[in-house]
Amino acid sequence: MGFGRKVDVPVSDLSVIRGIWEVRVKKHRQRQKKEQQRIEKSALSRIDQQWQYRIYCKSLRPNEQNLLHQYLQRSTRTEVQEYTGEYTGEYTGEYTGEYTGEYTGSDQQQDPDESKLKLQLDGDSWTEFPPELRWSTFLTELHVTRTKICRLPEYLALFTQLLVLHVPKNSIAELPPEIGKLTALRELNVSYNRLSKVPPELGHCENLERLELAGNYNLSELPFELSSLKRLVHLDIAENRFVSIPVCALRMSVLQLLDLSHNRLSDLPQDMDRLEQLVSLFVHKNNLSYLPHCLTNISTLRMIVVSGDELTCIPTKLCHNPNIKFIRLCDNVTSAEKKKKEEKKEEKKVKRRRWRELGKEEVKDGREKEFIEAYISTLTDRDTVPYSTTKVSISCLL
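Bear in mind the structure is a predicted one, so any value in this text is a computation, not a measurement. (Residues numbered from 1 in each chain as written. Predicted model: local features only at pLDDT ≥ 70, side-chain atom pairs only at ≥ 80, totals over all residues. Heavy atoms only, no water.)

**Some details on the overall build of the protein**
Put simply, the rule reads: Secondary structure is summarised from DSSP: a helix means a run of H or I of at least four residues, a strand means a run of E of at least two, and numbering begins at the N terminus for each. Residue burial is assigned from relative accessible area. The probe radius is 1.4 Å, only protein chains are included, and a residue is buried under 20% of its type maximum, exposed over 50%, and partly exposed in between. Note on contacts: a residue pair is in contact if any heavy atoms of the two residues lie within 4.5 Å. The protein chains shown are the only cover counted for residues, whose accessible areas, like all others here, come from Shrake-Rupley with a 1.4 Å probe.
In terms of regular secondary structure, the protein is built from six helices and twelve strands. Counting the 398 residues in the protein, one finds 39% classified as buried. Long-range pairs, those at least 24 residues apart, make up 36% of the contacts in the protein between residues at least 6 apart in sequence. Put simply, the protein shows about 24,900 Å² of open surface, and 50% of that area lies on carbon and sulfur atoms.

See the structure below:
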């Protein structure tokens, strides 16, 4: 691609770019899933699970122990019900191990060696997590979308086998510190919620590979403790209020995708080349006027997406490198938007003129005051000591 040549790509095409990346990530995940299944089929994992249940049973009351044993027997059956629907029943007071409603999920055949369960909650009718979820601590996936739930359960730390936690498009205002105890967690999606901060305990989830925090709006920084996420390959913090790249992100050595679009970045750090395995970088919809030369040192870089409207300085190697897809998104501004921008510019010019005129008037008024004060002081001196005397002679003709 020659220098100065622009490639105008509509903003809507970004979904296609992400789709290509998702296909690659899916293949990589499938390979990892096979390896995990091989490990879970070993006898050690089953023995460890049994011991964990035994230890936990000792801290429970008799009725709670009976309920837990029922779930334990249920997890070893060949038929496991996948929770994908909404809860349609009502609870009758004190919890005794039975409930009057049912989940509207579908039955699914599973391998007896794979005791994986997946819970999905979707819809505005959900305002909190169902009480019986407390006893489903062997869940490996939890998906909660488009609900009115505003916080994660207090017993979240009990889900030690949870691998995937997806809670996008809810009303969650904060992540509890207990999330750091989910050491097996690999994917965390808290996009489009109401987060203003991320707990430093999240850095304890060292097996985390994918972290999505997009669209929280009040999020402007990440704790330094997230630097310990050495396995993270996907970090999405788009549509927030970041004014600079978090320091912890530059220490994620195996990071492959970094999405910082729709933020308030004015520049990129000069040590971006610390991300030695970075493949895709999304920094469009920011206030960037140049790209640092250190990006040319990242040999794995294959895609850069920026906003071409304000970008004035680009390293030549990025433009001439055939291995890098350098995409500049140019917004198609409508005539109404152009008119608004012109009106705003005119308003700014008028305000500047007024400020200048006010400044001149203040200077003029100051000088007049000084002159008046000096003149008054001379008048007082004239009353006491005259500066000169004049002799007047009058001749009268008689």
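What follows picks up the thread again.
**Let's talk about the pattern of salt bridges**
The following threshold applies: For this document, the term salt bridge refers to a Lys or Arg side-chain nitrogen within 4 Å of an Asp or Glu carboxyl oxygen.
Applying the stated criterion across every chain, the model contains five salt bridges. The closest approach of N and O atoms between Glu-154 and Arg-151, which form a salt bridge, is 3.7 Å. Residue classification places Arg-151 among the exposed residues on the basis of a relative accessible area of 54%. Here Arg-274 ties to Asp-271 by a salt bridge, and the two come within 3.8 Å at their closest N and O atoms. It is possible to trace a salt-bridge network through shared partners that takes in Glu-22, Arg-210 and Glu-212.

**Describing the sheet that holds strand 3 (residues 118–122)**
Stated formally: DSSP calls a pair of strands paired once it identifies at least 2 bridges connecting them. Helix axes use the C-alpha atoms of the stretch in contact, all axes being lines fitted to C-alpha atoms, and the angles between their N-to-C directions lie in the range 0 to 180 degrees.
Across the sheet, which stays open at both edges, the ten strands sit in the order 3-4-5-6-7-8-9-10-11-12 with parallel pairing between neighbours. Looking at the sheet topology across the chains shown, the edges are occupied by strand 3 and strand 12 (325–329). The mean angle between the axes of side-by-side strands here comes to 5°, regardless of whether they run parallel or antiparallel. Taken together, the three bridges between strand 7 (residues 210–212) and strand 8 (residues 234–236) define a ladder with parallel strand orientation. Note that in strand 8 the partner of Arg-210 across the bridge is His-234.

**Examining a positive patch on the surface**
Test applied: Surface patches are defined over residues having more than 30% relative accessible area and no salt bridge, joining like charges when they lie within 9 Å and nonpolar side chains (Val, Leu, Ile, Met, Phe, Trp, Tyr) when within 5 Å. His is not counted, nor are the chain ends; Lys and Arg add positive charge and Asp and Glu add negative charge. The atoms used to mark charge sites are NZ of Lys, CZ of Arg, CG of Asp and CD of Glu.
On the surface, a cluster of positive charge is made up of Lys-344, Lys-345, Lys-348, Lys-349, Lys-351, Arg-352, Arg-353, Arg-354 and Arg-356. Within the fold, Lys-345 resides in helix 6 (residues 335–384).

**A look at the nonpolar core**
In plain terms, the rule: What we call a nonpolar core is a set of buried Ala, Val, Leu, Ile, Met, Phe, Trp, Tyr and Cys residues that are connected through their side-chain atoms within 4.5 Å.
Phe-129, Leu-188, Leu-211, Leu-213, Leu-222, Leu-235 and Leu-291 are the most contacted members of the largest nonpolar core, which has 69 residues in total. For this core, the secondary structure elements donating two or more residues are strand 3, strand 4 (141–145), helix 4 (247–250), strand 11 (303–307) and helix 5 (316–320). In terms of residue count, the dominant contributor to this core is helix 4 (three residues). Every residue in contact with Phe-129, bar those within four places of it in the chain, is listed here: Leu-121, Leu-142, Val-144, Ile-149, Arg-151, Leu-152, Pro-153 and Tyr-155. Counting residues in each nonpolar core, the second largest holds nine residues, with Trp-21, Leu-257, Met-303 and Val-305 among its members.

**Observations concerning a negative patch on the surface**
Taken together, the side chains of Glu-342, Glu-343, Glu-346 and Glu-347 make up a negatively charged region of the molecular surface. Among the structural elements, Glu-343 can be located in helix 6. We classify Glu-343 as partly exposed; its relative accessible area is 43%.

**So, the confidence of the model for the protein**
This is how it is decided: A residue's pLDDT is the predictor's confidence in that residue, given on a scale from 0 to 100.
Looking at the protein as a whole, the pLDDT averages 76, with 66% of positions reaching at least 70. Within the model, pLDDT remains below 50 along residues 74–115, and this stretch shows 81 contacts once partners closer than five positions in the same chain are excluded. With pLDDT under 50 throughout, residues 387–394 is counted as low confidence; its partners more than four residues away or in other chains account for two contacts.

**Considerations on the environment of Leu-268**
Checked against the element boundaries, Leu-268 lands in the loop between strand 9 (257–259) and strand 10 (280–282). The buried category is assigned to Leu-268, whose relative accessible area is 3%. Distance from Leu-268 to Pro-292, taken between C-alpha atoms, is 6.6 Å for residues 24 residues apart in sequence. Apart from the residues lying within four places of it in its own chain, the contact partners of Leu-268 are Ile-245, Val-283, Leu-288, Leu-291 and Pro-292.

**Overview of the side chain of Thr-147**
Topologically, Thr-147 is positioned in the loop between strand 4 and strand 5 (164–166). Residue contacts for Thr-147: discarding those within four places in its chain leaves Leu-121, Asp-122, Gly-123, Trp-126, Lys-169, Asn-170 and Ser-171.

**Some words on the packing of aromatic side chains**
The condition is simple: The pairing test for Phe, Tyr and Trp rings, Trp by its six-membered ring, is centres within 6.5 Å, and the orientation test on the planes gives stacked under 30 degrees, edge-to-face over 60, and tilted for anything in between.
Tallied over the full model, the rule gives one aromatic pair. Measuring from centroid to centroid gives 6.2 Å for Tyr-155 and Phe-159, while their planes differ by 35°, and the two rings are tilted.

**Considering unusual backbone geometry**
A positive phi angle, close to 55°, is found at Arg-146, a residue other than glycine. You can see Arg-146 is positioned in the loop between strand 4 and strand 5. Classification of Arg-146 as partly exposed rests on a relative accessible area of 45%. Of note in this structure, Tyr-192 is not a glycine but carries a positive phi near 55°.

**With respect to a nonpolar patch on the surface**
Together, Ile-47, Trp-51 and Ile-55 make up a nonpolar patch on the protein surface, roughly 350 Å² of accessible area in all. With respect to the helices and strands, the residue Trp-51 is situated in helix 2 (residues 43–57).

**Considerations on the pairing of strand 3**
Burial of the side chains of strand 3 is restricted to one face: Leu-119 and Leu-121 are buried, whereas none of Lys-118, Gln-120 and Asp-122 on the reverse face is. One ladder, built from five bridges, connects strand 3 with strand 4; its direction is parallel. In the sheet register, Leu-119 faces strand 4, and the bridge partner there is Leu-142.

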